[in-house]
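What the coordinates show
The lines below spell out each chain.
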Amino acid sequence: MATMESLIGLVNRIQRACTALGDYGGGDQAFSSLWDALPSVAVVGGQSSGKSSVLESIVGRDFLPRGSGIVTRRPLVLQLQKTEDGQQEYAEFGHLPRRRFADFSLVRKEIQDETDRITGKTKQISPVPIHLSIYSPNVVNLTLIDLPGLTKVAVEGQPESIVQDIENMVRTYVEKPNCIILAISPANQDIATSDAIKLAREVDPSGERTFGVLTKLDLMDKGTNALDVLEGRSYRLQHPWVGIVNRSQAEINKNDILPLGHLESVIKARIPSITSLINKSIDELESEMDHLGRPIAVDAGAQLYTILELCRAFDKIFKEHLDGGRPGGDRIYGVFDNQLPAALRKLPFDRHLSVQNVRKIVSEADGYQPHLIAPEQGYRRLIEGSLNYFRGPAEASVDAVHFVLKELVRKSIAECQELKRFPTLQSTIAGAANESLERFREESKKTVVRLVDMESSYLTVDFFRRLPQEVEKAGNPGGNPRENPPAGANIDRYAEGHFRRIGSNVSSYVNMISETLRNSIPKAVVYCQVKEAKQNLLNYFYTQIGKRGSIDNLCCQLMILQGKQLADLLDEDPALMERRLQCAKRLELYKKARDEIDSVSWAR
């Protein structure tokens, strides 16, 4: 069964873990705060109300700064750790780890110096807490929070807002339902005007979690009874008041001052919700750690393996886009099925094969000697000129597919969650992939232009041989009847019908070539660009990183790289590294807290 000592010690150990791992509570929205979920004891009182006397009575040592006005200008989180009898007492500060203070006068000086480091040597306040741990056989395991003294007026050197600033700071601690309020009031002042009681009444109307401490009983007017001071008060606490004389009174019973019994009940009531918060936070942090990725090993072999795995992850996503597992690859088919045919239909063959242009080209091809039978040179020039128009749609198809592939590279890198950790490697892979695509594009352009040139370099003779000879088919179908000579007569080779027939023949041939290229250009583009991208997109990257060209020897090549080169590629975003570090620290905290709770035997 969990005892009061084990319960309070449990919370104290978890709070110590929070301190060690940077969870100070209060406003860090990046993570849920375990510190804020734990029961705590806040010491609240007006300035010069005797708060320091109470705390030093609990510790049994003089260690707090003293003076007039605002002395406590930053919250002091005081963690008491009971040690074995006979062991030396010492103190440690959270901002000075591993430095022990055995002289408690130096503890007082360090509190003052650390306060000045944040607030300056002024009378300003700061919500940034000072964390102090005291190890002594004369204390109980407990964490107390000493808050700046409440005040009613600002003194010289303080802004007018200081009164409200202090109250707001104190309120952020005591308004939490798991905070026990140790309300300090001096007995030589009217309890009705007590700053601590006034604030406690607002945040704890029932008085259930407020414990009153009357200080300075020795300064009460002679003949005055402390009980008379408490009679008639409108705000009644659920627990008896405790009175102390001064900080040097040796007979003070710490258990009378400290609300240990109530703290035990609060802890018991809060343990289920604390456990739930811990388990939920562990699940969330582990999930985020998986998303952020584990830290990269420092040895070259592990770094090499990581780089290769990241390349495979990117390459897998890129291939899924091409093969239809992810959207985008269908745009390549759109180039072949829509863009290329539309471009072919828009070619200016009507203008090139107009009667006027045919006459001009045929006449120029004849030179000073007109053709004897058929204007073969004119035909060839007309066909060559027509086929040259196919270069534009062919190269445009290459560029369009190149654009799609570049966009798929960009999308694949963006969708590769593993790569987001490494902006340098991300940009390197993107640059290498795009350079590969550029080479694929150049080779593809050469290939499709060759297809067009091949059609120009050797014409399909059978097509023209199947055409009827002009001399065998006199007349001009569709032309002016007056231009049609009698059957068997020679045709006027300079008549419009003659040139129209030449243009028609060339147009038929060009249409045949257009259908051929409409089928062959996509094949060339896929072979030179799409297939190469699927199989060899990162070869250039492997070649560059390995300083050689053989992918088969990739592992050997990468292993000869200096560790710094690999590390540079795995250079992470500093913000991401910091986030992972904070996640790891917070995960460690919650796991320690879970282990601490599991170590306590609970009553059923």
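Look a little higher up for the structure.
These remarks concern the structure in this document. Bear in mind that the values here come from a model prediction, so they are computed numbers and not experimental data. (Residues numbered from 1 in each chain as written. Predicted model: local features only at pLDDT ≥ 70, side-chain atom pairs only at ≥ 80, totals over all residues. Heavy atoms only, no water.)

**Side note on the overall build of the protein**
- Regarding its fold elements, the protein presents 22 helices and 9 strands.
- With 604 residues in all, the protein has 47% of them scored as buried.
- For the protein, long-range pairs separated by at least 24 residues make up 80% of all intrachain contacts whose partners lie at least 6 apart in sequence.
- About 30600 Å² of surface is accessible on the protein, with carbon and sulfur atoms providing 50% of the total. (Helix = DSSP H or I, 4+ residues; strand = E, 2+ residues; numbered from the N terminus. Buried < 20%, exposed > 50% of the residue type's maximum accessible area, 1.4 Å probe, protein only. Contact = heavy atoms within 4.5 Å. Areas by Shrake-Rupley, 256 points an atom, 1.4 Å probe, with all protein chains shown as cover.)

**Let's talk about the side chain of Lys51**
- The residue Lys51 is located in helix α3 (residues 51-59) in this model.
- Every residue in contact with Lys51, bar those within four places of it in the chain, is listed here: Val43, Val44, Gly45, Thr72, Asp146, Leu147, Gly149 and Ile184.

**Describing the nonpolar core**
- Val44, Phe63, Leu132 and Val174 are the most contacted members of the largest nonpolar core, which totals 88 residues.
- Of the residues forming this core, the biggest block, 11 residues, is contributed by helix α9 (residues 260-292).
- Leu353, Val401, Ala524 and Val525 belong to the second largest nonpolar core, which has 72 residues in total. (Core = buried A, V, L, I, M, F, W, Y, C linked by side-chain atoms within 4.5 Å.)

**Focus: the pairing of strand β5 (residues 130-136)**
- Burial analysis of β5 places 7 of its 7 residues in the buried class, which makes it a mostly covered element.
- A two-sided burial pattern is seen for β5, the buried positions comprising Ile130, Leu132, Ile134 and Ser136 on one face and His131, Ser133 and Tyr135 on the other.
- Bridge analysis of strand β3 (residues 90-93) against β5 gives 4 bridges, and the strand direction is antiparallel. In the sheet register, Phe93 faces β5, and the bridge partner there is Leu132. (Pairing = 2+ DSSP bridges.)

**With respect to the packing of helix α13 (residues 355-366) against helix α18 (residues 496-536)**
- Look at α13 against α18: their axes get within 9 Å of each other, and the N-to-C directions meet at 90 degrees. The angle between α13 and α18 places the two elements in the roughly perpendicular class. Residues Val355, Val358, Arg359 and Val362 of α13 form the contact with α18, whose participating residues are Glu496, Phe499, Arg500, Ile502 and Gly503.
- Taken together, the residues of the contact of α13 with α18 break down into 5 nonpolar, 1 polar and 3 charged. (Axes fitted to C-alpha atoms, helices over the stretch in contact; angles between N-to-C directions. Parallel < 35°, antiparallel > 145°, perpendicular 65-115°, else oblique. Nonpolar A, V, L, I, M, F, W, Y, C, P; charged D, E, K, R; others polar.)

**Digging into the sheet that holds β5**
- The mixed open sheet is built from 9 strands, whose spatial order is β4-β3-β5-β2-β6-β1-β7-β8-β9. Here the strands that pair on one side only, and so sit at the sheet edges, are β4 (96-101) and β9 (242-243).
- Relative to strand β6 (residues 142-146), strand β2 (residues 76-82) runs antiparallel, the two sharing 5 bridges. Bridge pairing links Val77 to Ile145 in β6.
- Docked against the sheet, α9 engages β1 (40-45), β6, β7 (179-186) and β8 (210-215), running at close to 155 degrees with respect to β7.

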